[in-house]
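# Observations on chain architecture
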Amino acid sequence: SVPTPAPVAAISSVKLYTVQLALSDNVTASEKLIASLWTKGYEAYYRKVRGSRGNDLFQIFVGRYGSSSEAQSALKSLRADADFKNFDDSFVRVTQ
């Protein structure tokens with residue numbers, strides 16, 4: 001079961017956590033992955049950042065959680081899902 005992300009407006013002054021699932025240099029592949037995550041019930045989104053070589057990179061995130069343990073639980077669920085188990089470098093981080 002997918003943990004429900006914490007409502008952003010209700011806890012805006014509190015630290016939120018997310019799972020960074022992947023980093024990609026391909027916006028089309030990023031959007032496909034996000035669509036696949038949404039289909040499975042995960043709240044997924046990406047943020048465009050500038051790479052060290054000046055190129056666009058897309059950080060792919062899943063969820064916004066009120067605690068690190070909720071985000072860790074989501075990460076565990078993602079790693080247990082056959083469609084997403086190959087994202088070995090995924091990790092929990094504080095949202096920005």
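My aim in this report is to walk through the structure given alongside it, one point at a time.

Cut-offs used in this document
- Residues numbered from 1 in each chain as written.
- Predicted model: local features only at pLDDT ≥ 70, side-chain atom pairs only at ≥ 80, totals over all residues.
- Heavy atoms only, no water.
- Helix = DSSP H or I, 4+ residues; strand = E, 2+ residues; numbered from the N terminus.
- Expected span 1.5 Å × (residues − 1).
- Buried < 20%, exposed > 50% of the residue type's maximum accessible area, 1.4 Å probe, protein only.
- Arc of directions from axis to C-beta.
- Contact = heavy atoms within 4.5 Å.

### Focus: helix H2 (residues 68–80)
For an α-helix the count is 3.6 residues per turn, leaving residues at separations of three or four pointing the same way. When the terminal C-alpha atoms of H2 are compared, their 18 Å separation across 13 residues agrees well with the 18 Å that a helix rising 1.5 Å per residue should span. Three or more residues of H2 are buried, namely Ala71, Ala74, Leu75, Ser77 and Leu78. Projection of H2 onto a plane perpendicular to its axis shows the buried side chains occupying an angular sector of 160 degrees, all on one side. Facing away from the buried side of H2 by over 90 degrees, the exposed positions are Ser69, Lys76 and Ala80. Tucked into the core, H2 has its buried residues touching strand S1 (17–24), helix H1 (27–39), strand S3 (56–65) and strand S4 (91–94).

Shape descriptors only; they carry no functional weight alone.
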